[in-house]
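Coordinate analysis (summary)
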Amino acid sequence: MENWIGNTLYAEYIRERERAQVYESPSAFVTFKIAGEECLITNLYVKPEMRRGIVGVRFMASFKAHAMSLGAKKFFGIIRMNDAHKERMLSLALRVGFKIVETDTSMIVVGKE
């Protein structure tokens, strides 16, 4: 799977506005922030036609290797309860080894070491 550090206009925008990094492939992207050994995944998108297969799982494995090369050892993500795809996001997170860390009425926090 071909992946690269985001060089698109969207990636530029995310770096400037959110001070986050972008990791992309032709079928998916993730935005994230690394602080010390912790990586916070702020957005994840997989093209709709690629969601039924293992593209998301392979992409996340590739992303994890990239983030680890930047010093990340612990990964966290927030799934908002008002997200139309929250079930799909939680399913992907669990399939790639994340565990539910905390929940409340507005979000689910997932984490992985």
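Relevant structure appears above.
Definitions and cut-offs
Residues numbered from 1 in each chain as written. Predicted model: local features only at pLDDT ≥ 70, side-chain atom pairs only at ≥ 80, totals over all residues. Heavy atoms only, no water. Salt bridge = Lys/Arg side-chain N within 4 Å of Asp/Glu carboxyl O. Helix = DSSP H or I, 4+ residues; strand = E, 2+ residues; numbered from the N terminus. Buried < 20%, exposed > 50% of the residue type's maximum accessible area, 1.4 Å probe, protein only.

**Describing the pattern of salt bridges**
Within this structure, the stated rule accounts for two salt bridges. E37 is paired through a salt bridge with K73; the nearest N and O atoms lie 3.4 Å apart. Within this pair, whereas E37 is found in the loop between β3 (28-35) and β4 (38-46), its partner K73 is found in the loop between α2 (55-69) and β5 (74-80), the two being separated by 36 residues in sequence. Residue classification places E37 among the partly exposed residues on the basis of a relative accessible area of 42%. K73 gets classed as partly exposed once you look at its relative accessible area, which sits at 49%. Taking the shortest distance from any N to any O, the salt bridge between K86 and E87 comes out at 4.0 Å. What makes K86 partly exposed here is its relative accessible area of 24%.

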